[in-house]
Amino acid sequence: MDVARAAPVSGWRYAAGAACGLAAVALALHFSDPARAAGVANFGVVFSSLLIEAVPFIALGAVVSALIEVFVPARLITRLAALPASLQVPASGLAGLCFPVCECGSVPVARRLVAKGLTPAAAITFMLAAPVLNPVVIASTAIAYRGRDSVWAMVLGRVGLGLVVAMAAGWVMARAKPGELVRAEAPARAHEGRAAGFFGHLAGDFVFMGRYLVLGAAIAAALQTFVPQDVVASVADLPVIDLAAMMGLAFVLSLCSESDAFVAASFVQFGVGAQLAFLVFGPMVDTKLAVLYTGTFSRAFARTVVVVVFAVTLAGTLWIEVLLG
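Reading the values: the criteria
Residues numbered from 1 in each chain as written. Predicted model: local features only at pLDDT ≥ 70, side-chain atom pairs only at ≥ 80, totals over all residues. Heavy atoms only, no water. 1 Å grid on protein atoms, 1.4 Å probe; cavity = no way out; pocket = protein on both sides within 12 Å on 5 of 7 lines; lining within 4 Å. Points joined across faces, edges and corners; volume = space filled by probe spheres on them. Nonpolar A, V, L, I, M, F, W, Y, C, P; charged D, E, K, R; others polar. pLDDT = per-residue confidence, 0-100. Helix = DSSP H or I, 4+ residues; strand = E, 2+ residues; numbered from the N terminus. Contact = heavy atoms within 4.5 Å. Axes fitted to C-alpha atoms, helices over the stretch in contact; angles between N-to-C directions. Left-handed = near helix turned anticlockwise from the far one by under 90°. Salt bridge = Lys/Arg side-chain N within 4 Å of Asp/Glu carboxyl O. Buried < 20%, exposed > 50% of the residue type's maximum accessible area, 1.4 Å probe, protein only.

1. Some remarks on empty space enclosed by the protein
The method is simple in principle: a probe with the dimensions of a water molecule rolls over the atoms, and the space it marks as empty is what remains.
Logical step 1: Applying the stated criterion across every chain yields a total of one cavity of 30 Å³ or more.
Logical step 2: Computed from the structure, the largest cavity encloses a volume of approximately 40 Å³.
Logical step 3: In terms of lining residues, the largest cavity is bounded by Ala250, Ser254, Leu255, Asp260, Phe278, Gly282 and Pro283.
Logical step 4: Of the residues in the lining of the largest cavity, the class split is four nonpolar, two polar and one charged.

2. Some details on the confidence of the model for the protein
When pLDDT drops low, the exact placement of atoms in the prediction is not to be read closely.
Logical step 1: Here the protein shows a mean pLDDT of 76. Residues at 70 or above account for 71%.
Logical step 2: Confidence scores differ between elements of the protein, with helix α1 (residues 3-32) showing the lowest mean pLDDT of 55 and helix α14 (residues 272-281) the highest of 94.
Logical step 3: This stretch, residues 1-9, has a pLDDT under 50; its non-local contacts, to residues over four places away or in other chains, come to six contacts.
Logical step 4: When the criterion is pLDDT under 50, residues 186-190 qualifies, and its contacts beyond four places in sequence or with other chains add up to three contacts.

3. Things to note about the packing of helix α8 (residues 151-172) against helix α16 (residues 299-324)
Packed helix pairs are specified by the crossing angle of their axes together with the interaxial distance, meaning the distance between the axes.
Logical step 1: For the pair α8 and α16, the least separation of the axes is 9 Å and the interaxial angle reads 145°. Note on packing geometry: the crossing formed by α8 with α16 is right-handed. Each of Ala153, Leu161, Val164, Val165, Ala168, Ala169 and Val172 in α8 lies in contact with α16, whose residues at this interface are Thr304, Val308, Val309, Val312, Thr313, Gly316, Thr317, Ile320 and Leu324.
Logical step 2: Across the contact of α8 with α16, the residue classes tally to twelve nonpolar, four polar and no charged.

4. As for the pattern of salt bridges
Logical step 1: Inspection of every chain in the model, using the stated rule, returns one salt bridge.
Logical step 2: Salt-bridge contacts for aspartate 260 lead to arginine 158; the nearest nitrogen and oxygen are separated by 2.9 Å. Here aspartate 260, found in helix α13 (residues 260-265), pairs with arginine 158, found in helix α8; they are 102 residues apart in sequence, far enough to count as distant. The same class applies to aspartate 260 as to arginine 158, namely buried.

Right under this line is the structure:
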């Protein structure tokens, strides 16, 4: 079976299995202890509300990503290679504002950019910046925090800190050579029509991102419903620990950047700095990206990205907490 066709099928099986598992757990809790029915109901409300708010952005991101993949010539991006080396990193970071690709889509784009002659520093900057700075993510973040006093702090803080972290990682990789960064090129896939390619990428991206959203929303709802709030509050009140905890949670949940703001906004016990740590770190380093990084780039690169992104995000959110209290 073709890999492109097998991925959506396996993705739907994954999502269906997760949904059935959640239903089974809820029913088991309900019948084993009817007193827990209120908790199960609250879990269902939180879980479904996260999905209802986030799924439209997953679909929009999949559509735009498929359009870029199939219809936008790669040469439009590789024109960055004509810029002076000192300008390629900031220009690549700002280019993320124009290309709404998620973190999974940005990895193969960065690989192609390096293969076409763009400096590794610029390609890595774009790869890390695009999932945080793209317009779909900015819109979803604004909607997730609408009605709150922190809405502009979250939107501007995510864009600003995301750009700084991506550029820092790019500059650290400035001395890397393409051969030291990118693994051997995989065999090219057979040519397919644009329409078939578009719908194939659309289905694959939607299912791939959607299954992680289902899992992330379930874990977030479980934490909000079944974990004692005094435990959550005790972590949320610990300086530095709260930031590291939210980054660790973002790593484990592996949400898509186009929907993670809805999950982050549900952790109301944590301050702006901790929620920004979740929203900046997650789209750059999480479990699914760790697999993609090690399969696409060298192991030394993967380690460097994790260390730099973690350190700069931690330092940046610490300053944000100091400034905003």
